[in-house]
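# Structural overview
Here's the letter readout for the chains.
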Amino acid sequence: MPERSFEDHGARVRARLGDAAFWAAIWVVSGLALVYLLLPTCIIVGASFTTSDFVVFPPVGLSLRWFAKLWELEAVRVAAARSLGIAAAATAVAVVLGVAAAFPLVRGRFRGREALNALLMSPLVLPSLVYGLAALIFVSALGFSLSITVLVLSHVAIIVPYVVRTTAASLALLDPHLEEAARSLGANIWRTFVHVVLPNLLPGIATGGAFAFISSFDNLTVSLFLAGPRVETLPIRLFSMIEFDLDPSVAAISTVLVLITLAVVLLAHRAVGLTRIVRL
Amino acid sequence: MSAQPVPDLQLLRLSKRYGAVLAVDDVSLDVEPGEFVTLLGPSGCGKTTLLKSIAGFLQPSEGSVVLRQTVINDVLPHLRQIGIVFQHYALFPHMTVAQNIGFGLRMRRRGRAETDRIAAEMLELVKLPGMGGRYPHQLSGGQQQRVALARVLAVQPVLLLLDEPFGALDKKLRVEMQIEVKQLVSELRVTTIFVTHDQEEAMLMSDRIAVMQAGRIVQCDTPQAIYDRPHDLFVADFIGASNLLDAKVLGTDGAAARVAAGGTELEVGLAGETSTSAEGVLMIRPENLALRAAAERGGWEGRVTFALHAGPTMEYEVAVGEGARLRVSRPRAGGGGERTWRIGEKVTVSVVDPASCRLFRGRWT
């Protein structure tokens, strides 16, 4: 006699309860994760609007006085502009290197490809403190003095993996027949890359570039080692402000940082979104 | 000197080796101008490797590819003037239909006005007028197929390669596209090489079919010749449906042989790779068998084990002596036609035309 679970009323009710319990558990746990991720940021952003002379949450009153004070601090303005410049330069270099590196990783057929893949990801795995120290020793062993160029190049090394990863993912999804079609239609290898491959990799490159920009922009550990005394980045400025006078302008800087990050992500998303319209 | 036309494409003793594996094994083939030749074979037979060697994406290990009397082994793909239509069309997703079709012309640095004019003409040709502004993802599979064809034809290739282009279409659309593509390329007289594993498709479209197995061309002939006179057991089994029976050769007489198979003797025609030994495999096409009531003599006696309505025909399977089963295909009984048979009925199976049975070397079971 075969089992006929669909005839048993009790089993049917228990099964429904089981399904409901599963979804309840998923929603509760993912909700907790979301709160845990966002709450600290919300608190610091909230605190930046306080009228009080010290960091407090919930904020006392509502004002932009700490943002105004921030604007008056020339050191902060200079550091912010410098950080944006460094992040832009480092991202530009990282995109060129990362896109090029993604090709052999995806299309290449050689021994040790997997190992190379892991190696290129290593700055993401390596503690950035270790990388900062290593880079400092490396630079001084080569006899270079610390400069903005050295700082940009050290940032490049830690942000390239983001570009490689996302570009490689886009490239792996790209039908190799597109390139063959372009070649058979008379495009040489360079024009195939510019007219067919690159446009289809843009979403991946934009996403990787956004991650790269943000990681450079708010990098502290590597900058601490390689910035040198006169090259102060925004995270370093923020760090010393927290150390010496913890007033709500620190919270205001944090808010500005969050806004810049959001802006970069939205920009990248927009670029991806625009490209996605014309994708399959 | 002979007035033979000069072949558009010649493959001369072409081989492609991957380590110890011979993907293409000493293949030679001449394709005449305007001819439609199909490379047909199961997956892994080397047909795609051969296609890629012709297109220039693979370098042959030995032999040469000759296009209009020029050896093109070391010519890069973009200089070969060979167009390809891929199975999944490979339309550029970031370009409109018109930009896709104009791509080859832009790469040849033709003027904008000329490019636009040809793109419009091509859309007209593939029956998609006014669709130039759409993006590929807004088109159906059949429409994408047409755009892929238009894109290739826009540059007037010397040779057209079709790499399983109908594989992604559903059955009805596939047959429509097959006929349409065939009409188009014969009108334009484009020399075409078509790669497929679908023998029906190959039969329908080709001037000649090159049946491939394990990197070699086993037989290259017209569809009809390949169907009627397969060269060996592999081709007989691969092309069309056939009944293959182990047979004893009782005696041969020039163009005919007397054989015994499944407990019945019959006289069959000899052609192709005929068995010269005392044993062989007898091939009988299902439509070359007929069913009669069991009482009549002369043929295999058996019982119908299934009967299927396949539209225009009835497909039967009949269990005959020694566990053998015969497939029989009969036109459906129309007004006054032959009767249909039901499962379980006792029947006599007889051969309609013994001369079109074939005898091959080897053993089947």
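Just so it is clear, the model here is predicted, and its values are computed rather than measured.

About the criteria used
Along each chain, the written sequence defines residue order, and numbers are assigned to residues from 1. Naming scheme: in the order in which they are written, chains are lettered from A and ligands are numbered from 1. pLDDT decides what is reported in this predicted model: residues at 70 or higher carry local features, side-chain atom pairs at 80 or more are listed and counted, and totals for whole chains, interfaces and linings draw on all residues regardless. Side-chain numbers here rest on the full set of heavy atoms in the structure, without hydrogens or water. Note on conventions: DSSP H or I runs of at least 4 residues are helices, E runs of at least 2 residues are strands, and numbering of each starts at the N terminus. Here the term patch refers to residues with relative accessible area over 30% and no salt bridge, with like charges joined within 9 Å and nonpolar side chains (Val, Leu, Ile, Met, Phe, Trp, Tyr) within 5 Å. Note on areas: these come from Shrake-Rupley sampling with a 1.4 Å probe, and a residue is covered only by the protein chains present in the view. Each reported salt bridge corresponds to a side-chain nitrogen of Lys or Arg within 4 Å of a carboxyl oxygen of Asp or Glu. To qualify as a nonpolar core, a set must consist of buried Ala, Val, Leu, Ile, Met, Phe, Trp, Tyr and Cys residues joined through side-chain atoms within 4.5 Å. Only protein chains enter the area calculation, which uses a 1.4 Å probe; residues under 20% of their type maximum are buried, those over 50% are exposed, and those in between are partly exposed. It only takes one pair of heavy atoms within 4.5 Å for two residues to be counted as in contact. If DSSP finds at least two bridges between two strands, the strands pair. The term buried area means the drop in 1.4 Å probe accessible area that two parts suffer when joined, counted for both and summed. Here a polar contact is recorded for every N or O atom pair within 3.5 Å, except that within protein the pair must consist of a potential hydrogen donor and a potential acceptor, and residues adjacent in sequence are included only if both atoms are side-chain atoms.

With that settled, consider the environment of Phe103 of chain B. Structurally, Phe103 of chain B can be placed in helix H2 (residues 97–107). Linking Phe103 of chain B and Arg151 of chain B, residues 48 residues apart in sequence, is a C-alpha distance of 7.5 Å.

So, on to a nonpolar patch on the surface. Taken together, the side chains of Phe22, Trp23, Ile26 and Trp27 of chain A make up a nonpolar region of the molecular surface, amounting to roughly 520 Å² of accessible area. Examined against the element boundaries, Ile26 of chain A turns out to sit in helix H1 (residues 9–47).

Our focus in this paragraph is the nonpolar core. Nonpolar side chains tend to gather and get buried jointly when the protein is soluble and globular. Formed by 69 residues in total, the largest nonpolar core has its most connected members in Leu9, Leu11, Phe92, Phe103, Leu161 and Ile193 of chain B. For this core, the leading source of residues is helix H7 (residues 148–173) of chain A, giving 10 residues. Ignoring sequence-local partners within four residues, the contact set of Leu9 of chain B consists of Leu29, Asp30, Val31, Ile54, Val65, Val66, Leu67, Leu159 and Ile193 of chain B. Residues Phe36, Leu91, Val185 and Phe194 of chain B belong to the second largest nonpolar core, which totals 33 residues.

So, on to the pairing of strand E16 (residues 300–310) of chain B. Residues and elements named next belong to chain B. When E16 meets strand E19 (residues 346–351), the two strands line up antiparallel, connected through four bridges. Residue pairing for E19: Glu301 is matched across the bridge by Thr348. Pairing geometry for E16 and strand E17 (residues 313–320), over eight bridges, is antiparallel. Paired with Ala310 across the bridge in E17 is Thr313. The hairpin turn running from E16 into E17, its antiparallel successor, is two residues long, and Gly311 in that turn takes a positive phi close to 75 degrees.

Moving on, we get to the interface of chain B and chain A. Facing 25 residues of chain B, the contacting portion of chain A comprises 21 residues. Counting each side, the surface lost to burial between chain B and chain A is near 2200 Å², with a carbon and sulfur contribution of 65%. It is His78, His94 and Met107 of chain B in chain B that bury the most area against chain A; as a group they hold 27% of the surface buried on that side. Counting across the interface, chain B meets chain A through one salt bridge. With a closest N to O distance of 3.0 Å, Glu180 of chain A and Lys52 of chain B form a salt bridge. Inspection of the chain B/chain A interface yields six residue pairs in polar contact (both at pLDDT 80 or more). Of all the elements in the fold, those that place two or more residues in the side of chain B that touches chain A are strand E6 (82–85), H2 and helix H4 (141–153) of chain B. The greatest single-element share of the side of chain B that touches chain A, amounting to four residues, is contributed by H2 of chain B.

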